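# Chain and residue survey
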Amino acid sequence: MRRERIHGIRIRRLRLHAEDRAYDVDFRGPADSPRPLSVIAGAFGTGKTTILEFVDYCLGASEHPAMPTVRAATLEVELSGTPYLIERAVGEPSTYAYVCPGRLDESGATAPERRPLRPAGATNSLSSLLLSHCKLEGVRLRDRLAAGDAVTDPLSFRDLMWLCFLPNERLDDRDLLFESVPMKNLKLRQVIDVVFDVHDDRAIELGRRIRTLEAALSASREAYRIARGFAASLESSSQADLFDLERAAKSELALCAMETAALDERARASTSFAADLRERHRRAAVAAREAAALLRDRETQAERMTSLRATYAEDVSKLVMLTEAGSLFPPMRLDICPSCLSLLETSDRRCPSCGAVVEPDGPPDVQAELRSARARLAELTEYLESLEQEIPRLLAEVERSQQAETRAAAEVDAATEHAVTPYLAERDALARRREEAAATLQRAVDGLRLLGGLQQRADAVDHLQAQLTSLRDERAMAPAAERASVTAGLGSRFRDILREWDFPGAADAYVADDLTPYTRGEPYTSASSGARTLIALAWQLAVFELAWESRSSHPGFLLLDSPQKNLGQEISRVYQHLDAWLAGPGAGAQIVVADNAPPPSADSDVIVRFSRETSLFI
């Protein structure tokens, strides 16, 4: 009897947040559950592969597609049946992901938890969270197949994605199993062993994982006990009572706002007889402001003009000194011609040798400048004297206008006091009601937040308990199948799929012990490009289908990029196989295909169809 599957990951929605809009891709069906088969259709270069790569990026990939307008990507997934949101920044690839329970466009979501991508083995990493929902938390892989003192590294969800995402470049090349990178090939083989529970030291590994979960469950229970005790000490009401209290407080606040507005309107209506007094007060206030502004202006001008007057007085003193210096010292005489250096007589105004004018320089004429400076100084002095005479008058005017404003305000208060006083008590009562409603609302919000946190801790305890029970059941079950039987099963499913697709020589197809697919007695690397595409698809589907049917630790979803590569009419058989398997043994699994021209039989499975005019990049 097959155990109920309570673990796994399903893709629900993807949202790319751009500067001026959001791009949404919905993988859900009519019943708000993930569709079994989702097809992203469109011509080359319109964004099909970009969607798959952004899904992969939200699940922890280090790189993302280049889209300059996109600032963040949010993936809505189901983790063991519970909706979660995983968000990562786009631009410079981020080293953190923000995770929280909830759905896109759902109000009241909890605060996201920041989870690092590295190190993958950290308990708070994104990889550990995703692996915990695949029953693979705490698994370690060796750096070589031999046992003993081999160095081990923690399993990363990125390693598991090799079985969940078949990108375009792996379809028809000769590196399906990463043969060009021996360490990567070794790790892929170990990942498949882990998924099918045939890896070395499985019982020891299960025991270690159970001990780790027991410690985590104990800590989670203690945290829940403390939080529940704290909630009990506060005498919190039930969640339903708190919701009622929140609604009542919000209604009371809205009612207080309406009654305050109505009260203000009645107060204004009852004091309309004082309109003339208010107008007088308004005019007095305007006059007081204008008088004060004029006084500030005159005081500022007086301050600036005093400084300017001092400057001109200093200039006049310097010019007078220069004039007096010319009268005390005789002008300079020339004894030698500056042009030909001939001797000159005292009375000569021209050089007798070269005829150059040699009239000596007299003192500079500063009388015009002196007269101008004295005139400006006199003007400034006169203006300053007028300001000094005006400022005391303006001070008195400001004082009179302020007194007039004060009298006008007192008249308004005296005239309206008897009409306004009855409303003051009502306003005070409304203010008290508003404060009480605000305090009640805050108390209800705090209580709901406390109960929400308590529920999250309770859910965490239940999740850990379910995982622990599942692992204990696994350890108590009969020994897992040997690796040879798993390899044989993969080979049989690989052969059946190729035979269903009418692949030439499918009867002789098998999977070797090192998981390399063979057809016609030759490894897949010897086949043509089109044949390698079908072989890669059949191998990936064989691993996925057997893992799902055996209720193993596979996440339960598969992304296929451009399966029509190098194929013709054969692609219709691929879709027929996917539909038949998902409707039968694969019920509950999820497959997402990005294809440039899916056959007409897949039209009902197309969730988005891009074109040159509706490209994701437009």
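Structure's up top.
Read on for an overview of the structure. (Residues numbered from 1 in each chain as written. Predicted model: local features only at pLDDT ≥ 70, side-chain atom pairs only at ≥ 80, totals over all residues. Heavy atoms only, no water.)

## Focus on the overall build of the chain
- When helices and strands are counted, the chain shows eleven helices and 16 strands.
- Expressed as a percentage of the 618 residues in the chain, the buried residues total 43%.
- Residue pairs at least 24 apart in sequence account for 71% of intrachain contacts in the chain once pairs closer than 6 positions are excluded.
- Of the accessible surface of the chain, which amounts to about 32,700 Å², a share of 54% is contributed by carbon and sulfur atoms. (Helix = DSSP H or I, 4+ residues; strand = E, 2+ residues; numbered from the N terminus. Buried < 20%, exposed > 50% of the residue type's maximum accessible area, 1.4 Å probe, protein only. Contact = heavy atoms within 4.5 Å. Areas by Shrake-Rupley, 256 points an atom, 1.4 Å probe, with all protein chains shown as cover.)

## Here's the deal with the environment of S342
- Its location among the elements puts S342 in the loop between α7 (275-328) and α8 (367-476).
- On the basis of relative accessible area, S342 is assigned to the buried category, the value being 18%.
- Sequence separation of S342 and C354 is twelve residues, and the distance between their C-alpha atoms is 8.6 Å.
- In this structure, S342 is in contact with D335, I336, C337, C351 and S353, ignoring residues within four places of it in sequence.

## Brief notes about a nonpolar patch on the surface
- A grouping of I336, L341 and L343 is seen on the molecular surface, where their side chains present a nonpolar patch of about 360 Å² in accessible area.
- With respect to the helices and strands, the residue I336 is situated in the loop between α7 and α8.
- Classification of I336 as partly exposed rests on a relative accessible area of 43%. (Patch = residues over 30% accessible without salt bridge, like charges linked within 9 Å, V, L, I, M, F, W, Y side chains within 5 Å. Salt bridge = Lys/Arg side-chain N within 4 Å of Asp/Glu carboxyl O.)

## What about helix α1 (residues 48-58)?
- In terms of burial, α1 is a largely internal element, nine of the eleven residues being buried.
- Once α1 finishes, G60 follows within two positions and takes phi at roughly 115 degrees, a positive value.

## Looking at a negative patch on the surface
- Taken together, the side chains of E379, E382, E385 and E388 define an acidic patch exposed on the protein surface.
- Relative to the helices and strands, E385 resides in helix α8.
- Judged by its relative accessible area of 42%, E385 falls in the partly exposed class. (Lys, Arg positive; Asp, Glu negative; His and termini not counted. Charge placed at Lys NZ, Arg CZ, Asp CG, Glu CD.)

## Considering the state of the cysteines
- Under the definition given, this model contains zero disulfides.
- Unpaired in terms of disulfides, C351 finds its nearest cysteine sulfur in C340, a separation of 3.3 Å.
- Judged by its relative accessible area of 4%, C351 falls in the buried class. (Disulfide = S-S within 2.5 Å.)

## A closer look at the nonpolar core
- One finds L14, F196, W539 and I591 to be the most contacted residues of the largest nonpolar core, which totals 105 residues.
- Among the elements that take part in this core, helix α10 (residues 529-549) stands out by supplying 14 residues, more than any other.
- In contact with I591, not counting residues within four places along its chain, are P36, L37, S38, F544, L558, L560, L578, W581 and L582.
- If you look at the next biggest cluster of nonpolar residues, it comprises eight residues, including Y312, V316, L319 and L370. (Core = buried A, V, L, I, M, F, W, Y, C linked by side-chain atoms within 4.5 Å.)

## Regarding helix α4 (residues 182-195)
- When the terminal C-alpha atoms of α4 are compared, their 20 Å separation across 14 residues agrees well with the 20 Å that a helix rising 1.5 Å per residue should span.
- When we look at burial in α4, the residues that qualify are N185, L186, L188, Q190, V191, I192, D193, V194 and V195.
- Here the buried face of α4 lies against β8 (140-142), α3 (157-160), α9 (483-500) and α10.
- Looking at the residues trailing α4, positive phi occurs at D197, about 60 degrees. (Expected span 1.5 Å × (residues − 1).)

## Brief notes about the packing of α9 against α10
- Their axes nearest at 8 Å, the elements α9 and α10 cross at an angle of 125 degrees. Viewed along their axes, α9 and α10 adopt a mutual orientation that is oblique. For the pair α9 and α10, the crossing hand works out as right-handed. Contacts from G489, L490, R493, F494, I497 and L498 in α9 reach L534, I535, A538, W539, L541, A542, V543, E545, L546 and E549 in α10.
- Counted by class, the contact of α9 with α10 contains twelve nonpolar, one polar and three charged residues. (Axes fitted to C-alpha atoms, helices over the stretch in contact; angles between N-to-C directions. Parallel < 35°, antiparallel > 145°, perpendicular 65-115°, else oblique. Left-handed = near helix turned anticlockwise from the far one by under 90°. Nonpolar A, V, L, I, M, F, W, Y, C, P; charged D, E, K, R; others polar.)

## Regarding the environment of V357
- Along the chain, the position of V357 falls in the loop between α7 and α8.
- Here the alpha-carbon distance between V357 and S339, two residues 18 residues apart in the chain, equals 9.5 Å.

## Details of the pairing of strand β4 (residues 70-79)
- Burial within β4 is extensive, with nine of its ten residues counted as buried.
- Sheet topology places strand β1 (residues 9-18) next to β4; nine bridges connect them, and they run antiparallel. Looking at β4, one finds that L14 is bridged to L75.
- Direction of pairing for β4 relative to strand β5 (residues 82-89): antiparallel, over a ladder of eight bridges. (Pairing = 2+ DSSP bridges.)

## Thoughts on the sheet that holds strand β11 (residues 510-511)
- Spatially, the three strands line up as an open sheet ordered β11-β12-β13, and their pairing is antiparallel. Sheet topology places β11 and β13 (522-523) at the edges, where each strand pairs with a single neighbour.
- Inspection of the sheet shows strand β12 (residues 517-519) paired to β13 by two bridges, in the antiparallel sense. When the sheet's bridge partners are listed, Y518 is paired in β13 with P523.

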